[in-house]
Amino acid sequence: MTLIKLEGLTKRFGGLTAVSDVDFEIEKGKITAIIGPNGAGKSTFFNLISGFHRPTSGSIMFEGKDITKTPAHIGARLGIARTFQTTHLFERSSVIDNVIVGHRLRTKSKLYDAIFRTRREKREEQMAYEKAMTALEFVGLADLATMQVATISQEAKKRVAIALALATDPKVILLDEPAAGINPEETDGLAELMKKIVQNGITVCTIEHKMQMIMELADQILVLNHGAKIAEGTPEEIKTNPTVIEAYLGGESVAEVI
Ligand SMILES: Nc1ncnc2c1ncn2[C@@H]1O[C@H](COP(=O)(O)OP(=O)(O)OP(=O)(O)O)[C@@H](O)[C@H]1O
């Protein structure tokens, strides 16, 4: 079943076409990977789906609804969550406070509520704490909840970034290079976490450069090059696709690389 349907998705920055006329469907309950060389348009593609950029043309349907012009905070409420680089975390705050802030940014209290401490505000504060704790337990970080982010490992920070997205109760989570900068063992741990997310009914869409991980993990892969879709398919199909081999790997012998 299709969760997100993209048609003719295009984003231009001045004269540069970062995403070019992409048709693609993200399947519900699956792990989809977006791959492609540096500058291929992967991050822009995520920014379009999550509403951080508005497409120049084309459309985005989410659960059959047109969300092409929906801004990010509304997209988050509809159930689209994305992770950011770990550099976006507040290093001097605790792990749990980081997750709570992430959740609060997406909940309803307005400044008025915060100042006058309305009942809704207090209720939301309690809810945010509980959501944050549940998300931390889910990603295996409950023990680190009160630690300052600056003192935890890079891998734990990656998990905090994921917890932050999970705390918003998403239907789909967009992961931006979750395994960048961590060792192979930790990469395996993150792959397990992605499987667990999907098993819990949340669709996963990930940008990742670690090919071995993607080939073992993804159900479907979208390959972008210069903003355009050059291939889509299962890992097996992508591994042997001559266009992918040529464009993505510069014609290198493929077998060892993928
Ligand atoms: N806000 C922006 N303004 C202008 N150009 C941009 C902007 N964001 C991205 N670009 C350009 O769009 C192209 C695609 O960039 P994007 O970051 O989406 O690629 P990517 O595949 O995520 O790359 P990487 O793997 O290096 O992160 C690049 O040429 C980039 O310089």
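For the protein chain, an unreviewed UniProt entry supplies the name ABC transporter ATP-binding protein and the organism Sporosarcina soli.

Engineer: Help me get a handle on the overall build of the protein chain, residues and values and all.
Structural biologist: Within the protein chain, the secondary structure is distributed over eleven helices and ten strands. When each of the 258 residues of the protein chain is scored for burial, the buried share is 51%. Summarising the internal contacts of the protein chain: among those between residues at least 6 apart in sequence, 65% fall at separations of at least 24.

Engineer: Go over the nonpolar core, please, and point to the residues and values.
Structural biologist: Formed by 40 residues in total, the largest nonpolar core has its most connected members in Leu136, Val139, Ile162, Leu166, Ile173, Ile197 and Val204. If you list the elements that add at least two residues to this core, you get α3 (95-104), α5 (119-138), α6 (154-166), β7 (172-176), α7 (184-199) and α8 (211-217). Leave out the neighbours within four places in its chain, and Val204 touches Lys30, Ile31, Thr32, Ile173, Leu175, Met194, Ile197 and Val198.

Engineer: I'd love a proper account of unusual backbone geometry, names of residues and values included.
Structural biologist: Keep in mind that most residues, glycine aside, have a negative phi and that most peptide bonds are trans. A positive phi is found at Asp21, a non-glycine position, where the angle reads about 55°. Of note, Asp21 is situated in strand β2 (residues 16-27). Residue class for Asp21 comes out exposed when judged on its relative accessible area of 54%. If you check the backbone angles, His226 has positive phi at about 50° while not being a glycine.

What counts and how
- Residues numbered from 1 in each chain as written.
- Predicted model: local features only at pLDDT ≥ 70, side-chain atom pairs only at ≥ 80, totals over all residues.
- Heavy atoms only, no water.
- Helix = DSSP H or I, 4+ residues; strand = E, 2+ residues; numbered from the N terminus.
- Buried < 20%, exposed > 50% of the residue type's maximum accessible area, 1.4 Å probe, protein only.
- Contact = heavy atoms within 4.5 Å.
- Core = buried A, V, L, I, M, F, W, Y, C linked by side-chain atoms within 4.5 Å.

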